[in-house]
Amino acid sequence: MSRIVLNPGQMKLAQLEEIYHSTGPVYLSDSAQPAISKAAEKIERAVNSGEAIYGVNTGFGKLASVKIPGHDTAKLQRNLVLSHASGVGEKTETRIVRLMMVLKLLSLGRGASGVRLQIVEIIQAMLENGVTPVVPAQGSVGASGDLAPLAHMAAVFIGEGEAEINGTIMPAIEALNSAGIKPVELAAKEGLALINGTQFSCAYALAGLFHAWSSAQNCTVTASLATDAIMGSTAPLQPEIHALRGHRGQIEVAAGMRSLMAGSQIRESHREGDARVQDPYCIRCQPQVTGACVDLLRQAGRTLEIEANAVTDNPLVLTDADMIVSGGNFHAEPVAFAADQIALAIAEIGAISQRRIALMVDPNLSFDLPPFLSRNPGLNSGFMIAEVTTAALMSENKHLANPCSTDSTPTSANQEDHVSMAAHGARRLVRMNENLSNILAVELLCSVQGMEFRVPLKTSPSLTSVMGLVRESVPVLNDDRYMAPDLAKAAALIKSGDIITSCGKSPLDELGDF
């Protein structure tokens, strides 16, 4: 399995997505070691000097004024990790925890955290050997960093808590022993460096972004299918329209749809003599709506790329200035805003897709398609309730898209009196993306079914390939049958990326192409 090398401060979204989907070893570049060691030496000198430095030889939060004797600094760090491992709720998905560990490596690798190389080495060893901390999903308010979830991660480094290895959850010390990894004893500042930061929120937000981007690409395909299924016009895709407005995402989506629909017999069949003057907005304004979502996702992506490369613990060791200084980089407001942006995009992609589904099943609007796309309507209900399901999912996503970043509550005896709520702002994206995949799956099935009513006319070569892929998994709906497995298979095609691949070319440019 290939080894991924991290260059702190220089990682791109495409590399982070590769890591998210990978289970292999991840290592910091050797070039990061001198800066890491230099910062650790600065911490050691500070401890020996007896100078009071927050988090090094003092208490934490409201207890920052309590000075800790030198002989207790190691115990202070251990106690910090154990006391802060107070998360609750379901287990965070393994690949998100792995991404969180990688983000922590990137932060420590900048050489401003004051940890020894032993901390880097145990994270790398766990990633290579598949030892993943069990991290409860709830407990962070997004400042002072993601304290509780990161503490659950750090607890495994010292042999406490639980870890997963080869799909089995066990006490952390057993997991470490089985992989031949020795737990570390934390030195001054190290516990604080590990639990302070935005890596939990950022990992969830990045995962949400990657899946939302895939959905935006899938939506460009399903919208093209739906447009042909209802014999919609491609005139609104004319490039000059979108150039006159100038938004990049809109221009991209229109170009992607033109490419996907090129060569469609269905489209050519109604260029003349069509009594309809304009299509509904869900057809006509697809580039404007999904294009705006594409732009929003790229904005969020740029924020998260910066955050992934950032140092977000506290205090920071500024070796060039010979200072150890407290700041507020742990506040996850940028991540919270990015998560809210992603949520809005997910909700709107689903909203316009759902309207196209409603259009296709309505005989008053679908241009001669049968009611609910059934071959024998009345005796059969066809896609009647599949459309209702998408309405439920669309509405749920609208509620979930309400901003989290505008919420705050004081914590830690009012020392931490404004927080970002980035953690659950990012966590909700998992559920929203799942909902969106199911909406797009129904649009996919309805579009393909609708297209088959247009035979002997054919759609474009690209969309014909998509139809063939769908029919390999889900047969045509002639008579009503148990529908849930069909929806699940179509959703699997959406989530796998196979729909996009079958087109021969991605309908959008790269996410990280800012």
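Residues numbered from 1 in each chain as written. Predicted model: local features only at pLDDT ≥ 70, side-chain atom pairs only at ≥ 80, totals over all residues. Heavy atoms only, no water.

Colleague: How would you sum up the overall build of the protein? Please name residues and give values.
Modeller: Helices and strands together make up the secondary structure of the protein, namely 20 helices and nine strands. By the compact-globule yardstick of 24 Å for 514 residues, the protein fits well, its C-alpha radius of gyration being 26 Å. For the C-alpha atoms alone, the extent of the protein along its principal axes is close to 90 × 50 × 45 Å. Here the protein, with 514 residues, has 56% of them falling under the buried criterion. When contacts within the protein are restricted to residue pairs at least 6 apart in sequence, long-range pairs at least 24 apart make up 80% of them. Approximately 20600 Å² of the protein is accessible, and the part contributed by carbon and sulfur atoms is 53%. (Helix = DSSP H or I, 4+ residues; strand = E, 2+ residues; numbered from the N terminus. Rg over C-alpha atoms; globule rule 2.2 N^0.38 Å. Buried < 20%, exposed > 50% of the residue type's maximum accessible area, 1.4 Å probe, protein only. Contact = heavy atoms within 4.5 Å. Areas by Shrake-Rupley, 256 points an atom, 1.4 Å probe, with all protein chains shown as cover.)

Colleague: Report on the sheet that holds strand E6 (residues 162–165), specifying residues and quantitative values.
Modeller: If you trace the three strands from one edge of the open sheet to the other, you get E4-E6-E7, paired in antiparallel fashion. Strands with a single pairing partner mark the edges of an open sheet, and in this sheet they are strand E4 (131–133) and strand E7 (168–171). This sheet shows a mean twist of 35 degrees between the axes of neighbouring strands, independent of strand direction. Of the strand pairs in this sheet, E4 and E6 are connected by three bridges, and their pairing is antiparallel. From the neighbouring strand, threonine 132 faces E6, where its bridge partner is glutamate 164. The sheet contacts of helix H4 (residues 94–108) involve E4 and E6, and relative to E4 the element is tilted by about 90 degrees. (Pairing = 2+ DSSP bridges. Axes fitted to C-alpha atoms, helices over the stretch in contact; angles between N-to-C directions.)

Colleague: Quick one: what's the story with the pattern of salt bridges, residue by residue and with numbers?
Modeller: Counting across every chain of the model gives 18 salt bridges. Where glutamate 164 meets lysine 91, a salt bridge forms, and the shortest distance between an N and an O atom there is 3.0 Å. With glutamate 164 in strand E6 and lysine 91 in strand E3 (residues 88–91), this pair connects stretches of sequence that are 73 residues apart. Of the residues examined, lysine 91 reaches a relative accessible area of 34% and is grouped as partly exposed. Linked through salt bridges whose partners overlap, the residues forming this network are Arg248, Glu252, Arg298, Asp509 and Asp513. (Salt bridge = Lys/Arg side-chain N within 4 Å of Asp/Glu carboxyl O.)

Colleague: Please set out the packing of helix H14 (residues 286–308) against helix H15 (residues 333–361) residue by residue, giving values where relevant.
Modeller: Remark: H14 packs on H15, axes separated minimally by 9 Å, with the N-to-C direction vectors making an angle of 160 degrees. When the interaxial angle is binned, H14 and H15 end up roughly antiparallel. The element H14 and its partner H15 pack so that their crossing is left-handed. Contacts between H14 and H15 involve Gln286, Val289, Thr290, Cys293, Leu296, Leu297, Gln299, Ala300, Thr303, Leu304 and Glu307 from the former and Pro334, Val335, Ala338, Gln341, Ile342, Leu344, Ala345, Glu348, Ile349, Ile352 and Arg356 from the latter. Among the residues making up the contact of H14 with H15, the classes are represented as 14 nonpolar, five polar and three charged. (Parallel < 35°, antiparallel > 145°, perpendicular 65-115°, else oblique. Left-handed = near helix turned anticlockwise from the far one by under 90°. Nonpolar A, V, L, I, M, F, W, Y, C, P; charged D, E, K, R; others polar.)

Colleague: Which residues make up the nonpolar core, and what values go with them?
Modeller: Judged by nonpolar contacts, the single largest core of 152 residues is most densely connected at Leu6, Ile123 and Leu206. The leading source of residues in this core is helix H9 (residues 199–229), at 18 residues. Apart from the residues within four sequence positions on either side, isoleucine 123 is in contact with Met101, Lys104, Leu105, Leu108, Phe157 and Leu194. Within the second largest apolar cluster, nine residues are counted, among which are Ala46, Val47, Ile53 and Val56. (Core = buried A, V, L, I, M, F, W, Y, C linked by side-chain atoms within 4.5 Å.)

Colleague: Now, about unusual backbone geometry: what can you tell me, with residues and values included?
Modeller: Along the chain, alanine 143 connects to serine 144 via a cis peptide bond; the corresponding omega equals 0 degrees. The topology assignment puts serine 144 in the loop between strand E5 (136–138) and helix H6 (147–157). Omega for the bond connecting asparagine 314 with proline 315 falls within 30 degrees of zero, at -5 degrees, which places this linkage in the cis form. Here proline 315 lies in the loop between H14 and strand E8 (316–318). A positive phi angle is found at asparagine 166, which is not glycine, with a value near 55 degrees. Among the secondary structure elements, asparagine 166 is positioned in the loop between E6 and E7.

Colleague: Which residues make up the packing of aromatic side chains, and what values do they have?
Modeller: Throughout the structure, instances matching the rule amount to two aromatic pairs. Aromatic side chains tyrosine 20 and phenylalanine 210 sit 5.8 Å apart centroid to centroid with 45 degrees between the ring planes, which places their arrangement in the tilted category. With a gap of 190 residues between them, tyrosine 20 in helix H1 (residues 13–20) and phenylalanine 210 in helix H9 connect regions that are remote in the sequence. Judged by relative accessible area, which is 3%, phenylalanine 210 ranks as buried. Measuring from ring centre to ring centre gives 5.1 Å for phenylalanine 200 and tyrosine 204, while their planes differ by 70 degrees; the resulting arrangement is edge-to-face. Of the two residues, phenylalanine 200 and tyrosine 204 are both situated in helix H9; the distance of four residues between them amounts to about one turn of the helix. Relative accessible area serves as the criterion here: at 1%, phenylalanine 200 is assigned to the buried category. Between arginine 3 and the ring centre of tyrosine 27, over which it is positioned, the NZ or CZ distance is 3.9 Å. (Phe/Tyr/Trp six-rings, centres within 6.5 Å; stacked < 30°, edge-to-face > 60°. Lys NZ or Arg CZ within 6 Å of the ring centre and 35° of its normal.)

Colleague: Any chance you could break down the pairing of E7 for me, citing the residues and the numbers?
Modeller: As defined by bridge partners, E6 adjoins E7 across four bridges and the pair is classed as antiparallel. Pairing of isoleucine 165 across the sheet is with threonine 168, part of E7. Linking E6 to E7, which pair antiparallel, is a turn of two residues; within it asparagine 166 sits at a positive phi near 55 degrees.

Colleague: With reference to specific residues and values, describe helix H2 (residues 33–49).
Modeller: Taking 1.5 Å of rise per residue, 17 residues should cover 24 Å, and H2 covers 25 Å from first to last C-alpha, within 8% of that figure. Those residues of H2 lying buried are Ile36, Ala39, Ala40, Lys42, Ile43, Ala46 and Val47. The arc that holds the buried residues of H2, viewed along the axis, is 150 degrees, so those residues lie on one side. Exposed residues pointing more than 90 degrees away from the buried face of H2 are listed as Pro34 and Asn48. Of the surrounding elements, those touching the buried residues of H2 are strand E2 (26–28), helix H3 (73–84), H4, helix H5 (117–129), E8 and strand E9 (323–325). One or two positions beyond H2, positive phi appears at glycine 50, with a value near 85 degrees. (Expected span 1.5 Å × (residues − 1). Arc of directions from axis to C-beta.)

Colleague: Describe in detail the side chain of serine 405, supporting the description with residues and values.
Modeller: Mapped onto the elements of the fold, serine 405 is located in the loop between helix H16 (384–400) and helix H17 (422–452). The class of serine 405 is buried, set by a relative accessible area of 7%. There is a polar contact of 2.5 Å between the side chain of serine 405 and the side chain of aspartate 340. Contacts of serine 405, omitting those with residues within four sequence positions, involve Glu333, Ala336, Phe337, Asp340 and Ser420. (Polar contact = N/O pair within 3.5 Å; in protein donor to acceptor, adjacent residues only side chain to side chain.)

Colleague: Go over a nonpolar patch on the surface, please, and point to the residues and values.
Modeller: On the surface, Leu318, Met323 and Val325 cluster together into a nonpolar patch covering about 210 Å² of accessible area. You can see methionine 323 is positioned in strand E9. For methionine 323, a relative accessible area of 39% translates into the label partly exposed. (Patch = residues over 30% accessible without salt bridge, like charges linked within 9 Å, V, L, I, M, F, W, Y side chains within 5 Å.)

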